[in-house]
Amino acid sequence: MSGTWWVREAPCAGDLRFTPNDATVDSLRKPLMQTLLTVCQDCPFRAQCIALVRPRHSKFDGICGGRLWFNGHIRDTCTTAHPDELAESGSHIPHGTEAGARAHNRRGETACSLCREGARLAQARRREQKRARGA
């Protein structure tokens with residue numbers, strides 16, 4: 001089954017704590033990250049998550065596919081994760097960005113909530129810059 005329909009069904013859906021913007025090695029060691037990692041224990045979408053985010057390729061920081069990542073390297077793993085879930089196929093989508101929304105569109109997918117928000121914010125910035133130039 002293709003597409004990203006499963007993103008809305010995942011236990012972490014909409015929880016931005018899984019992808020902190022200001023991640024550091026120290027911040028990823030906090031107990032909160034360990035608690036969040038347990039959310040992945042029974043998630044049936046870990047392999048799809050890895051394939052979508054491509055954490056090694058994208059130098060991902062946060063939790064993806066039942067693993068805690070920093071700069072594309074695994075720092076911790078939930079106990080039910082399997083090595084065969086780590087395949088990174090397809091092209092990378094820079095989630096949370098306008099480019100991510102375009103990448104979803106090129107794949108014929110509906111953009112995920114992070115990418116829709118990234119596109120909305122980029123459009124708002126362009127409007128604001130246009131207003132500032134015209135004033």
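Since we're looking at a predicted model, the values are computed, not measured.

Visitor: Any chance you could explain the overall build of the protein chain here in plain terms?
Guide: Check the secondary structure of the protein chain and you find seven helices and three strands. For the protein chain, the succession of helices and strands along the chain, N to C, is α-α-α-α-α-β-β-β-α-α. Counting only C-alpha atoms, the protein chain reaches 55 × 35 × 25 Å along its principal axes. The 135 residues of the protein chain split such that 33% are buried.

Visitor: Got a minute to help me understand the pairing of strand E2 (residues 67-70) in this structure?
Guide: Each regular strand shows side chains that alternate between the opposite faces of the sheet. Side chains Arg-67 and Trp-69 project from E2 onto one buried face, and the interleaved Leu-68 and Phe-70 project onto a second face that is buried too. As paired strands, strand E1 (residues 62-64) and E2 are joined by three bridges and run antiparallel to one another. If you follow Ile-63 over to E2, its bridge partner there is Leu-68.

Visitor: What is the right way to look at the layout of surface pockets in this model?
Guide: By volume, the largest pocket is sized at about 1,100 Å³. Considering the residues around the largest pocket, the lining is formed by 48 residues, among which Leu-16, Thr-19, His-95, Cys-112 and Leu-114 are closest to the centre. Elements represented by at least two residues in the lining of the largest pocket include exactly helix H1 (6-9), helix H4 (46-53), E1 and helix H7 (113-134). Counting residues per element, the lining of the largest pocket draws most heavily on H7, at six residues. Grouping the amino acids of the lining of the largest pocket by side-chain chemistry returns 26 nonpolar, 14 polar and eight charged.

Visitor: Sorry if this is basic, but what is going on with the packing of helix H6 (residues 98-106) against H7 here?
Guide: Geometry of a packed helix pair, given as the angle between the helix axes and the separation of the axes. In the contact formed by H6 and H7, the axes pass within 7 Å of each other and the chain directions differ by 125 degrees. Taken together, the axes of H6 and H7 lie oblique to each other. As H6 runs across H7, the sense of the crossing is left-handed. Residues Glu-98, Gly-100, Ala-101 and His-104 of H6 touch H7, and the partners they reach there are Cys-115, Gly-118, Ala-119, Ala-122 and Arg-126. Of the residues that constitute the contact of H6 with H7, the class distribution is four nonpolar, three polar and two charged.

Visitor: Just to check I follow, could you spell out the pairing of strand E3 (residues 73-77) for this structure?
Guide: Relative to E3, E2 runs antiparallel, the two sharing four bridges. What sits directly across from Leu-68, in E3, is Asp-76. Adjacent in sequence and paired antiparallel, E2 and E3 are bridged by two residues, among which Asn-71 carries a positive phi angle near 55 degrees.

Criteria and cut-off values
Residues numbered from 1 in each chain as written. Predicted model: local features only at pLDDT ≥ 70, side-chain atom pairs only at ≥ 80, totals over all residues. Heavy atoms only, no water. Helix = DSSP H or I, 4+ residues; strand = E, 2+ residues; numbered from the N terminus. Buried < 20%, exposed > 50% of the residue type's maximum accessible area, 1.4 Å probe, protein only. Pairing = 2+ DSSP bridges. 1 Å grid on protein atoms, 1.4 Å probe; cavity = no way out; pocket = protein on both sides within 12 Å on 5 of 7 lines; lining within 4 Å. Points joined across faces, edges and corners; volume = space filled by probe spheres on them. Nonpolar A, V, L, I, M, F, W, Y, C, P; charged D, E, K, R; others polar. Axes fitted to C-alpha atoms, helices over the stretch in contact; angles between N-to-C directions. Parallel < 35°, antiparallel > 145°, perpendicular 65-115°, else oblique. Left-handed = near helix turned anticlockwise from the far one by under 90°. Contact = heavy atoms within 4.5 Å.

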